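Chain and residue survey
One-letter residues, chain by chain:
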Amino acid sequence: MVYKWCVVPQCTNTTISSPHKLFVSVPTNPKRRKMWLRLARRDPKSILAHTNVFMCEDHFNMEKDTINYLKYKMGFSQKILLADEAVPTKFHCQEDRRSLLPDAGPSREVFFKRQRIDIVTECLRRHSTTTHTESLQNDDMIQEIIEPKELPKTQDKETITDPIITVEKAVQATKKVNTHFRSKAVQTTCQNKSISTSPWKVSTISHFTSPINIKPCHLQPLKSEVVKAVKRNIFLVDEKSDSDISCFESGLLSPFGATSVKVTDSDSNVTDTNENIEKLQCLKNTLRLIEKKPLMYIGISKECYFLIELLHRHTNINREHILLCLKKIRLNSTFSELEDNFGISLSYASKLFLRNLPIISSFLKPFIVNLDKNLIKRNLPIAFRHNYHNVSCIIDCLEIDIQKPSKALHQALTWSEYKKGNTVKYLISCTPNGLVNYVSQGFGGRASDVTIVENCNFLDGLQQGTCILADRGFKHLEQILHEKGIKLLRPPSVNAGAKLSKTEVRQTKIIASLRIHIERVIRRVREFHMLKQHSVINTDICRVLDHVIIIACALINLQDSLIK
């Protein structure tokens, strides 16, 4: 670090004593250099022209004299730049120059204080003059009223027996009479009158605001029949517009019409009825579309649509609620859309989905059947029959993107390095002809394929002597399967820097052509938009994501066969 000191006389700032202050280099231009040094009261001849000298920031207005002050303070610029017209203007270190500086010297508090004192004194003087004049007038009045008459000259003062009345100046001799008046803010009339309780007819016409000359309406007693018939509160028309009053006076509206009465119960009932009719119409249209194209809306073919009725009988769930859950899974419709389609509230649609989904999944789970080894061989596709007739299932993992969890531990457990995001991972197994026979529970995206196979109960349902077709990612699973008498068939591994032989290349192609069936199954699962790629699952729905996978795989098995 270069040692810098301020060239201004009587300024003691250096990079050692004030390391946090900025030091500006004095310009090398002879004209500007001479002007800067003269302003600082430094003899220009005492410093050589090629000597690099500095002035500290105390002598500048850094915000106005620099171009990049904010960038320098924020760290975006490593060097501070002065404006071309910048010159040192502050010299507080020199005591003889403090009074000459515009921002230096004592404040003018004494001047303002004297000015305030003069104003207060003047006000007090005027007030005292006025008070003195009024007091003299009051004294004269008191003397005229209370002072006794003069005694005759022939009478002595000692014979006076009448008492002398003395009155203090502070006593008020005359009483000020205040006229009584009524405040305008006091309410004197009731603004709300009920025909059912009042025995008089209410005047609902105001002659102050109406443009027509109106005769005053006298109160008349009502008949008992009218009192029993009318039970609504009527408000005075003074609060209404002139147009309403004029129409009322001209006889266009009855005194008990809609202009003088608030919204009635019948109007609200009509509005509610119209809304219910619209909701019912929307529900009918939604059900008609689902019945017309069930595969597109709920993932069930027309031939299997009777399952909705069976599901309704066994679970006692309304048909509309079942269709709502299946449509949410198939099309990933928002709850706002389901609110409009089924005529229910948004919160109620969410509650129905979360409450009914486990029941529906428990009903459809038997469609995911773990088939027998001999039964699989009978329905084995032609491509497997020659060399791979022992293959009973094909396995792979499926990852579903989820919303980023709030807790750091859950974020770490669900992070997938392959997807570069937070995911939930499932193990899916299908038979060679494309039927899903196993779906595991959800695991965090951090778990490897081998870890999922080890911790789920997939291996418990396999028989000895069976063969599993898998990808290269299941390489470390061979030892575990060998202990249970199960064979793992996967593409041959490639060592670093080595090449596959012709036989290994041919075998890799054959296995890849057979493994394509599990990829087609996963593609069908992705057709359910809730499980689609880059379709992020909400945190609230993650707790029922296992049921969503089971329902999707069960409905896949009810669709047409993958291999025809």
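Structure report, in brief. (Residues numbered from 1 in each chain as written. Predicted model: local features only at pLDDT ≥ 70, side-chain atom pairs only at ≥ 80, totals over all residues. Heavy atoms only, no water.)

A regular strand carries its side chains on alternate faces of the sheet. Here strand E5 (residues 391-401) lies mainly inside the structure; eleven of its eleven residues are buried. Sheet topology places E5 next to strand E7 (residues 421-430); eight bridges connect them, and they run antiparallel. Each bridged residue has a counterpart across the sheet, and for Ile400 the counterpart in E7 is Val424. (Buried < 20%, exposed > 50% of the residue type's maximum accessible area, 1.4 Å probe, protein only. Helix = DSSP H or I, 4+ residues; strand = E, 2+ residues; numbered from the N terminus. Pairing = 2+ DSSP bridges.)

The gaps of empty space that remain are located by a probe, the size of a water molecule, rolled over the atoms. Approximately 550 Å³ is the volume found for the largest pocket. The wall of the largest pocket is formed by 23 residues, among which Phe23, Val24, Ser25, Lys79 and Ile80 lie closest to the centre. Of all the elements, strand E1 (residues 23-25) adds the most residues to the lining of the largest pocket, at three residues. Tallied by class, the residues present in the lining of the largest pocket amount to 14 nonpolar, four polar and five charged. (1 Å grid on protein atoms, 1.4 Å probe; cavity = no way out; pocket = protein on both sides within 12 Å on 5 of 7 lines; lining within 4 Å. Points joined across faces, edges and corners; volume = space filled by probe spheres on them. Nonpolar A, V, L, I, M, F, W, Y, C, P; charged D, E, K, R; others polar.)

As a further point, take the state of the cysteines. Counted by the stated rule, this structure contains zero disulfides. Free cysteine Cys11: the closest other cysteine sulfur is in Cys6, separated by 3.6 Å. Take Cys397: it sits in no disulfide, and the sulfur closest to it among the cysteines is that of Cys456, at 8.6 Å. (Disulfide = S-S within 2.5 Å.)

Summed over all chains, the structure comprises one cavity of 30 Å³ or more. The computed volume of the largest cavity comes to approximately 50 Å³. Considering the residues around the largest cavity, the lining is formed by Ile300, Leu307, Ile308, Leu311, Leu326, Phe363, Leu364 and Leu555. Within the residue set of the lining of the largest cavity, elements represented by two or more residues are helix H9 (307-315) and helix H12 (346-364). The element that contributes the greatest number of residues to the lining of the largest cavity is H9, accounting for three residues. In terms of residue class, the lining of the largest cavity is built from eight nonpolar, no polar and no charged.

Turning our eyes to something else, we now look at the packing of aromatic side chains. Using the criterion set out here, one finds three aromatic pairs in the structure. Summarising the aromatic geometry, the rings of Tyr438 and Phe458 are spaced 5.3 Å apart at their centres and angled 50° between planes, so their arrangement reads as tilted. Here Phe458 lies in the loop between helix H16 (449-455) and strand E10 (467-469) and Tyr438 lies in strand E8 (residues 436-439), a separation of 20 residues in the sequence. Look at Tyr438 and you get buried, because its relative accessible area is 14%. Across the ring face of Phe335, the terminal group of Lys328 is positioned such that the distance to the ring centre comes to 4.5 Å. Just above the ring of Phe528 sits the side chain of Arg330; from NZ or CZ to the centre is 4.8 Å. (Phe/Tyr/Trp six-rings, centres within 6.5 Å; stacked < 30°, edge-to-face > 60°. Lys NZ or Arg CZ within 6 Å of the ring centre and 35° of its normal.)

Below, the discussion takes up the pattern of salt bridges. Applying the stated criterion across every chain, the model contains eleven salt bridges. Among the salt bridges present, the one from Asp58 reaches Lys21, with a minimum N-O distance of 2.6 Å. One end of the pair, Asp58, is in the loop between strand E2 (54-56) and helix H2 (62-65); the other, Lys21, is in the segment before E1, and 37 residues separate them in sequence. Among the ionic pairs, Arg126 bridges to Glu122, the shortest N-O distance being 3.2 Å. Here Glu122 and Arg126 lie together in helix H4 (residues 109-146), a separation of four residues that amounts to about one turn. Residue class for Arg126 comes out exposed when judged on its relative accessible area of 55%. Of the residues examined, Glu122 reaches a relative accessible area of 28% and is grouped as partly exposed. (Salt bridge = Lys/Arg side-chain N within 4 Å of Asp/Glu carboxyl O.)

Tracing the backbone shows Asn68 in the loop between H2 and helix H3 (69-74). Along the sequence, Asn68 and Lys79 sit eleven residues apart, while their C-alpha atoms lie 8.6 Å from each other. The residues touching Asn68, leaving out its near neighbours within four places in the chain, are Ser77, Lys79, Ile80 and Leu81. At 3.0 Å, the side chain of Asn68 forms a polar contact with the side chain of Ser77. (Contact = heavy atoms within 4.5 Å. Polar contact = N/O pair within 3.5 Å; in protein donor to acceptor, adjacent residues only side chain to side chain.)

In this model, Asn332 sits at a positive phi of 50°, which is unusual for a non-glycine residue. Relative to the assigned elements, Asn332 resides in the loop between helix H10 (319-331) and helix H11 (335-342). Despite not being glycine, Lys420 shows a phi value in the positive range, around 55°. Note that Lys420 resides in the loop between strand E6 (415-416) and E7. When its relative accessible area of 53% is taken as the criterion, Lys420 is described as exposed.

A few words on a positive patch on the surface. Taken together, Arg288, Lys292, Lys293 and Lys302 make up a surface patch of like positive charges. Relative to the assigned elements, Lys293 resides in the loop between helix H7 (265-292) and helix H8 (294-297). For Lys293, a relative accessible area of 43% puts it in the partly exposed group. (Patch = residues over 30% accessible without salt bridge, like charges linked within 9 Å, V, L, I, M, F, W, Y side chains within 5 Å. Areas by Shrake-Rupley, 256 points an atom, 1.4 Å probe, with all protein chains shown as cover. Lys, Arg positive; Asp, Glu negative; His and termini not counted. Charge placed at Lys NZ, Arg CZ, Asp CG, Glu CD.)

As a further point, take the packing of H11 against H12. Their axes nearest at 8 Å, the elements H11 and H12 cross at an angle of 100°. Comparing the axis directions of H11 and H12 gives the class roughly perpendicular. Where H11 abuts H12, its residues Phe335, Ser336 and Glu339 lie against Leu346, Ala349, Ser350 and Phe353. Along the lines of polarity and charge, the residues of the contact of H11 with H12 split into four nonpolar, two polar and one charged. (Axes fitted to C-alpha atoms, helices over the stretch in contact; angles between N-to-C directions. Parallel < 35°, antiparallel > 145°, perpendicular 65-115°, else oblique.)

With that out of the way, let us pick up a nonpolar patch on the surface. Taken together, Tyr3, Trp5 and Ile16 make up a surface patch of nonpolar side chains, about 370 Å² in accessible area. Along the chain, Tyr3 turns up in the segment before E1. Overall, the relative accessible area of 46% leaves Tyr3 in the partly exposed class.

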